[in-house]
Amino acid sequence: AYPVGSGRSAEVPGDAFYNGNGGVDMPPPISWIFDSTFLVSFPSDTIHALRYRDVYDRMELLFPYFLYDIEGTPIDMYPVTDGENTYWLMPLIIGLDGKNIAWSQGNPLLRHVGYSLINIYDGSIQIYVTGDDFFSKLFKTIYGGYIETEIPLWLQNQTRYPEELFEWRISMFNNYHV
């Protein structure tokens, strides 16, 4: 966040400003609610702020049914490219409570539904659902406007099965192995 029209940056050396088209302008008193330091430092200035720039927070806000961390560790997302643009590729994992399932010992049921492709430059999101099971069909219905079913050719060699699910499966096999 920075004051609009001041011509200076109070926090970033070299007067660096964001030149993109994202964010919102907040005049006082809304800027005071956003961050109380603006009340003291820039009481009459309009503030330009970028919100939800953290990919995990933004994905959780837009698509709350997926897991974005497992046991406190964030799901591993990694950069991919089509040769022109760069994206974050985040696996989409659904977690269902197993407390009321017989012999589950309260362990959750985790499934890999697909991937989200997040454009690093403009934040646009594409979701690719790869499965044909009940959960995949459910998410195709819920997020129909965002869903793609065919992963582009340039992306196919850059996808990988989520490491978190390998670890989860090993722990489940160790738990239930006879």
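On a predicted model such as this, the values are computed, not experimentally measured, just so you know. (Residues numbered from 1 in each chain as written. Predicted model: local features only at pLDDT ≥ 70, side-chain atom pairs only at ≥ 80, totals over all residues. Heavy atoms only, no water.)

## Here we look at empty space enclosed by the protein
All told, the structure shown has one cavity of 30 Å³ or more when counted by the stated rule. Estimates place the volume of the largest cavity at around 30 Å³. Asp76, Tyr78, Pro91, Arg160, Pro162, Glu163 and Glu164 together form the lining of the largest cavity. (1 Å grid on protein atoms, 1.4 Å probe; cavity = no way out; pocket = protein on both sides within 12 Å on 5 of 7 lines; lining within 4 Å. Points joined across faces, edges and corners; volume = space filled by probe spheres on them.)

## Focus on the sheet that holds strand β3 (residues 47-49)
The strand order across the open sheet built from three strands is β1-β3-β2, with neighbouring strands paired in antiparallel fashion. Edge positions in the sheet fall to β1 (2-3) and β2 (24-26), since each of these pairs with one other strand and no more. Across two bridges, β1 lies against β3 in antiparallel orientation. If you follow Pro3 over to β3, its bridge partner there is Ile47. (Pairing = 2+ DSSP bridges. Helix = DSSP H or I, 4+ residues; strand = E, 2+ residues; numbered from the N terminus.)

## Focus: the packing of aromatic side chains
In this structure the tally under the stated criterion is four aromatic pairs. On the numbers, 5.0 Å between centres and 65 degrees between planes, the contact of Tyr161 with Phe166 is edge-to-face. Note that Arg160 overlies the ring of Tyr78, its terminal NZ or CZ placed 3.9 Å from the centroid. (Phe/Tyr/Trp six-rings, centres within 6.5 Å; stacked < 30°, edge-to-face > 60°. Lys NZ or Arg CZ within 6 Å of the ring centre and 35° of its normal.)

## What about the pairing of strand β10 (residues 125-129)?
When you tally the buried positions in β10, you get four out of five residues, the bulk of the element. Relative to β10, strand β9 (residues 109-119) is paired through five bridges, and the arrangement is antiparallel. Bridging across to β10, Ser116 finds its partner in Ile127. Alignment of β10 against strand β11 (residues 147-148), held across two bridges, turns out to be parallel. Looking across to β11, one finds that Ile127 is bridged to Ile147. (Buried < 20%, exposed > 50% of the residue type's maximum accessible area, 1.4 Å probe, protein only.)

## Looking at the layout of surface pockets
In this structure, the second largest pocket spans a volume of roughly 280 Å³. Those elements giving two or more residues to the lining of the second largest pocket turn out to be β5 (69-70) and α6 (163-176). Looking at which element gives the most residues to the lining of the second largest pocket, the answer is α6, with five residues. Split into classes, the residues belonging to the lining of the second largest pocket amount to six nonpolar, three polar and four charged. (Nonpolar A, V, L, I, M, F, W, Y, C, P; charged D, E, K, R; others polar.)

Geometric descriptors of this kind do not, in isolation, establish any biological role.
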